[in-house]
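# Observations on the model geometry
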Amino acid sequence: DLDLSELDDRTRELDAAHVFHSWSAQAGLNPLVIAGGAGSRVWDHAGRSWLDFSSQLVNTNIGHQHPAVIAAIHEQADLLTTVAPATANLARGEAAKRITDRAPAGFNKVFFTNGGADANENAIRMARLFTGRDKILSTYRSYHGNTGAAVVATGDWRRIPNEYARGHVHFFGPWLYRSEFWATTPEQESERALRHLERVIQSEGPSSIAAILIETIPGTAGVLIPPPGYLAGVREIADRYGILIITDEVMCGFGRAGRWFAFEGYDLVPDLITFAKGVNSGYVPAGGVIISDAIAATWDTAVFPGGLTYSGHPLAMAAIVGALDAMSSEGIVENAARVGREAIGPGLEELFAKHDIIGEVRGEGVFWALELVADRETREPVSAAVIGRIKGALVERGLLPFVAENRIHVVPPCTVTDDEVAEALATYDEVLSLPLVE
Ligand code: PLP
């Protein structure tokens, strides 16, 4: 019997009383109430709405409430809502086929998980078992998920209070704007980052290293587009030392970069591919590992020592089938590439020309970041207070942003329209014009 704004109050009360939130001190949180959504928009019960340029946690690649995905979930719910992983299930097979059809030649098997972290967890396990080696190399500027090995493979601060898994070593990937290698050109950054990686491998002992786990485009770390030759160089080095490559496509895959897989743009064929998020936009949680034939063959006769109760869950699988079919028939991945090229990229460059607070614009597809700086010369990041004010002002004006450290990530759904991009650009422009100084 509550009226609509009372529903928002009730939601906030229940949340504050009983919901324990991720990555947060619990006192004083005041999360936005989201009750519904469609396409690129979300709203609360009372009808206040926001243009969602976060895609939540960069996962609603197909937008909110796509009717084809909803219908596929409904249809499967009527048929069978759950089944054990050891059974054969049509939705699961159809989902796996749609994923491998989009993967490079020689990738024909999928191990399904509940999300991205356990996808990385199992890819790491496969790499260790396949090579008989222990160490996993990953970059400091990375996020790989919040479970045992995945969080320790992560490079950012979240690794440190959780550092319990063994056999993880970190290195610096390339990022010219904040180069760790005193580089001044992309070619130099690429060459020096590769030399650094090879030195780390030699120093750790190549025969102790199972795999390099790498986000094709590091996402949460800042949408760090790899410089020319870098990923091809990583492949070359890995091959030289018999080390596998696991590409983490959890955030950058399934349309986000304007391609099915981001690595297609970088002359890299990995050995294992992890995915989640965009595969079904998170309508029902799902992730997995796409396994190359050579590695999959290891467990043709030997037992694979891993599994999950909900591996290949029928509702999640139906959502994958619905999402991937709609993304193909509606040209959604092509839309992401076009919008990035024609609308987001040029629009953000215009903002760069106008606002000194923007130090760098980078990205592709619907995967972009604005690097905000206190000083363009020194490149000093803006303070947490400034980024907090920017975030608040964007939300106030009806835009839901993705904010990480000193950056705004511009990450709408792959279905975003030119008009929605224009609306978001106008809001960013207005907010960056406010007096924001410390
Ligand atoms: N890998 C990458 C690149 C991610 O961005 C994320 C989540 O943001 C994960 C893995 C973890 O995925 P999940 O939160 O579904 O476990």
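Note that the coordinates shown come from a computational prediction; the quantities given were computed from them, not determined experimentally. (Residues numbered from 1 in each chain as written. Predicted model: local features only at pLDDT ≥ 70, side-chain atom pairs only at ≥ 80, totals over all residues.)

### Here's the deal with the sheet that holds strand β10 (residues 287–292)
The seven strands lie next to each other as β4-β10-β9-β8-β7-β5-β6, forming an open sheet whose pairing is mixed. Strands at the two margins of the open sheet, each flanked by one partner only, are β4 (107–113) and β6 (168–171). When the angles between neighbouring strand axes are averaged without regard to direction, this sheet yields 20 degrees. Judged from the four bridges that link them, strand β9 (residues 272–275) and β10 form a sheet pairing that is antiparallel. Across the sheet, the residue bridging to Thr-274 is Val-289, located in β10. Packing of helix α4 (residues 90–102) onto the sheet brings it into contact with β4 and β10, and relative to β4 it is tilted by some 130 degrees. (Pairing = 2+ DSSP bridges. Helix = DSSP H or I, 4+ residues; strand = E, 2+ residues; numbered from the N terminus. Axes fitted to C-alpha atoms, helices over the stretch in contact; angles between N-to-C directions. Contact = placed C-beta atoms within 7 Å.)

### Thoughts on the domain arrangement of the protein chain
One can read the domain layout of the protein chain as domain 1 (32–65 + 331–432) and domain 2 (67–329). Each of domain 1 and domain 2 has a C-alpha centre, and these two points are 25 Å apart. With 26 residues of domain 1 at the contact, the number on the domain 2 side is 26 residues. Of all the secondary structure elements, the ones that give two or more residues to the side of domain 1 that touches domain 2 are α12 (332–354), β11 (358–364), β12 (367–372) and β15 (407–410). Here the side of domain 1 that touches domain 2 takes five residues from α12, the largest share from any one element. Tallied by class, residues from the side of domain 1 that touches domain 2 come to 12 nonpolar, eight polar and six charged. (Domains from an automatic or database assignment. Nonpolar A, V, L, I, M, F, W, Y, C, P; charged D, E, K, R; others polar.)

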